[in-house]
Amino acid sequence: MPDPRKQPKSKYTADRNIPGAFEGETVTRRRLMTMTVHGAGAAAASMFLLPALGFAVGSAVFERPPVRWQAVGAPEDFPNDNYLPRVITAVEGIGEAGKTTVYMRAFNPKIDGERISVEPFIAISSRCMHLGCPVRWTQAAARFICPCHGGVYDFTGAVSGGPPVRPLDHFYTRVRNGQVEVGPRYSVNSEFRRFPSYRDPGQSLDGISQYVYPGRFSTPKESK
Amino acid sequence: MRLKLPMPPAPKRFREEPARPGETIAVTPLDQVKEAGISAADWVDERTSLSGGLRWVMFRKIPKGTNWFYTLGSATMFAFLSQATTGVFLAMYYNPSPTGAYESARHITNDVFLGEFVRGMHKWGSTVMVILIFLHMGRTFFFGAYKYPRELNWVIGVVLVVLTFVMSLTGYLLPFDQRAYWATIVASNINGTGPIVGPFLSDFLRGGADFGATTLSRFYAIHMLLVPGAIAAMIGAHLYLVAKLGTTAPPWLRASADEKLTEERV
């Protein structure tokens, strides 16, 4: 039986043993000061950490470069049964490191009639889809061959051997002012379905993989 | 408190003789220099108590059987210090721009006085550091030195191994020759094969969807600012725990109780 003359102990008192704390006090002055100081420290730290982090990540992950079209030659230059190498600039302002080789040929209805019908010219990226080494078109074998880990692709760019996970990437092409122009890069899966935001090498695009490796914000996109 | 310098046992001929009664010994300049050094060290020690900490770190008790394998950790640390020193001075000549990097590396090797030597130390030293850190890890593993209470030090050590690999990876790009360029392409694409976050992570590393204008300077900043700072901090924590917990005896030594504690056999 509780003593009726004694004030009952409040169940809301948080720090009963701290000097100066009184009954029923949920947040003591000491606790308030502690939380204030910790909060001020956290605010001060996040004031420089968050902008710095955004600065490091933002433009790298979210900035979309503009679409550029580069002329690579006259339409009659390109045969439809063989590839010709052309050098384009993938990244401006970094000299030789920004250049890349594109393998060009005219559309051949007998070979790729069903697969790709919108492109007047086929432009295939030299970036191997295993890990990104430069493939070389070998006419005698009618294959693209990668020097690094032995990736082999057939005439259409589909994988015919080795470790690559999907066909070679393509570039959009068009004809303007009597010149064949090469535009942004796009990826294809093994059914030659088009993925406009090109993926990095090593990322399969078949089945569930197309969701495991989502498209990025940093690839050029044509404004419709 | 006066620090007392330890003296080697000198032949009698060279020993200072105590003053005869009623005689004073002349103070030589050498004595004065010695005195000045001691009082300077005293001045610092009186205000910091550093000597206690130094004694705690340097004069630890080590178990019986400690051998040359126990020096591999220090060897790794000295490899890191060598990398840090040569790296700081290489940074004075290196130009981390895609158009100037190869030329500046060539300039260091061919034109700068001792440039080939210092660059060589940094290049080969990186391999030495990786080899040493692996040997140190192997020593810790095979001697069972990762067990209680040293698990956290093993974890810190693994973080240090990973950071060393990050240094090797980011440093590989900096000469900016063909090998550096294509190795980095391959490395960032391997990185991109991580599910969901991989593509965005390699965007972050490269500074965009392709190897671009800022990739080299990003790798350079990671290589010379971010990771070395983290490695230095982690080495500090690693050494603190070594001093705090002590080292282990090699596993082939059987633990035996102190002679005073063993019961006398009849």
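A brief report on the enclosed structure follows. (Residues numbered from 1 in each chain as written. Chains lettered and ligands numbered in written order. Predicted model: local features only at pLDDT ≥ 70, side-chain atom pairs only at ≥ 80, totals over all residues.)

Thoughts on the overall build of chain B
When helices and strands are counted, chain B shows nine helices and zero strands. Reading the secondary structure of chain B in the N-to-C direction produces α-α-α-α-α-α-α-α-α. Relative to the 2.2 N^0.38 estimate, which gives 18 Å for 266 residues, the radius of gyration of chain B is 26 Å and therefore markedly larger than a compact globule would have. For chain B, the spread of C-alpha atoms along the three principal axes comes to 85 × 65 × 35 Å. Taking all 266 residues of chain B together, the buried fraction comes to 24%. For chain B, long-range pairs separated by at least 24 residues make up 71% of all intrachain contacts whose partners lie at least 6 apart in sequence. (Helix = DSSP H or I, 4+ residues; strand = E, 2+ residues; numbered from the N terminus. Rg over C-alpha atoms; globule rule 2.2 N^0.38 Å. Buried ≥ 20, exposed ≤ 12 C-beta atoms within 10 Å, placed from the backbone. Contact = placed C-beta atoms within 7 Å.)

Section: the overall build of chain A
Along the backbone of chain A there are three helices and 11 strands. Counting from the amino terminus, helix and strand elements in chain A follow one another as α-β-β-β-α-β-β-β-β-β-β-β-β-α. Each principal axis of the C-alpha atoms in chain A carries an extent, and together these give about 105 × 40 × 35 Å. Evaluated residue by residue, chain A yields a buried proportion of 26% over its 224 residues. Residue pairs in contact within chain A that sit at least 24 positions apart in sequence constitute 41% of those at least 6 positions apart.

A look at unusual backbone geometry
Residue P149 of chain B is reached from Y148 of chain B by a cis peptide bond, and omega for that bond is 5 degrees. Topologically, P149 of chain B is positioned in the loop between α5 (115-142) and α6 (151-173). Phi angles above zero are rare outside glycine, and N177 of chain A is one such case at about 50 degrees. If you trace the backbone, N177 of chain A turns up in the loop between β9 (170-176) and β10 (179-188). Residue classification places N177 of chain A among the exposed positions, given that 6 C-beta atoms sit within 10 Å. Positive phi, close to 65 degrees, is recorded for I196 of chain B, a residue that is not glycine. Tracing the sequence through the fold places I196 of chain B in the loop between α7 (178-192) and α8 (198-206).

Brief notes about the nonpolar core
In terms of nonpolar packing, the biggest core is built from 27 residues, with V102, M104 and A123 of chain A touching the most fellow members. Going through the elements one at a time, β3 (99-106), β4 (121-125), β9 and β10 of chain A are the ones with two or more residues in this core. Among the elements that make up this core, the one with the highest residue count is β4 of chain A (four residues). Setting aside its immediate chain neighbours within four residues, A123 of chain A contacts V102, M104, H170, F171, T173 and V182 of chain A. Counting residues in hydrophobic clusters, the runner-up holds 17 residues, among them Y94, A101, I108 and L216 of chain B. (Core = buried A, V, L, I, M, F, W, Y, C linked by C-beta atoms within 7 Å.)

A look at the sheet that holds strand β8 (residues 159-161) of chain A
All names here are of chain A. The antiparallel open sheet is built from four strands, whose spatial order is β5-β6-β7-β8. Two strands in the sheet have a free side with no partner beyond their single neighbour: β5 (136-138) and β8. Across two bridges, strand β7 (residues 152-153) lies against β8 in antiparallel orientation. The residue bridging Y153 from the neighbouring strand is V159, located in β8. (Pairing = 2+ DSSP bridges.)

Concerning the interface of chain B and chain A
Between chain B and chain A, the contact holds 24 residues from the first and 23 residues from the second. At the level of elements, α7 and α8 of chain B are the ones that each hand at least two residues to the side of chain B that touches chain A. No other element matches α7 of chain B, which puts seven residues into the side of chain B that touches chain A. Considering only residue class, the side of chain B that touches chain A consists of 14 nonpolar, eight polar and two charged. (Nonpolar A, V, L, I, M, F, W, Y, C, P; charged D, E, K, R; others polar.)

Notes on α7 of chain B
An ideal rise of 1.5 Å per residue puts 21 Å on 15 residues; α7 of chain B measures up with 21 Å between its terminal C-alpha atoms. Check the buried side of α7 of chain B and you find it contacts α6 and α8 of chain B. (Expected span 1.5 Å × (residues − 1).)

Section: helix α1 (residues 29-62) of chain A
Largest kink in α1 of chain A: about 30 degrees, centred on S46 of chain A. Where burial is concerned, little of α1 of chain A is hidden: one out of the 34 residues are buried. (Bend = angle between axes of the 7 residues up to and from the residue.)

Re the packing of α7 of chain B against α8 of chain B
Contact geometry of α7 of chain B with α8 of chain B gives a least axis separation of 7 Å together with a crossing angle of 145 degrees. On α8 of chain B, the residues that touch S188, N191 and G192 of chain B of α7 of chain B are G198, P199, L201, S202, L205 and R206 of chain B. (Axes fitted to C-alpha atoms, helices over the stretch in contact; angles between N-to-C directions.)

As for the environment of Y83 of chain A
All names here are of chain A. Relative to the helices and strands, Y83 resides in the loop between β1 (70-73) and β2 (84-89). Taking the C-alpha atoms as reference points, Y83 and G58, separated by 25 residues in sequence, lie 39 Å from one another. Beyond its immediate chain neighbours, meaning those up to four positions away, Y83 contacts Y103, M104, R105 and W137.

Observations regarding the pairing of β4 of chain A
Within a regular strand, side chains alternate between the sheet's two faces. Residues and elements named next belong to chain A. Taken across its five residues, β4 has five buried, putting it largely inside the fold. On β4, burial covers both faces: F121, A123 and S125 on one face and I122 and I124 on the other are all buried. Pairing of β3 with β4 involves five bridges; the strand directions are antiparallel. Within the sheet, the bridge partner assigned to A106 lies in β4 and is F121. Sheet analysis places β4 next to β9, joined by two bridges and oriented antiparallel. By the bridge assignment, A123 is partnered in β9 with F171.

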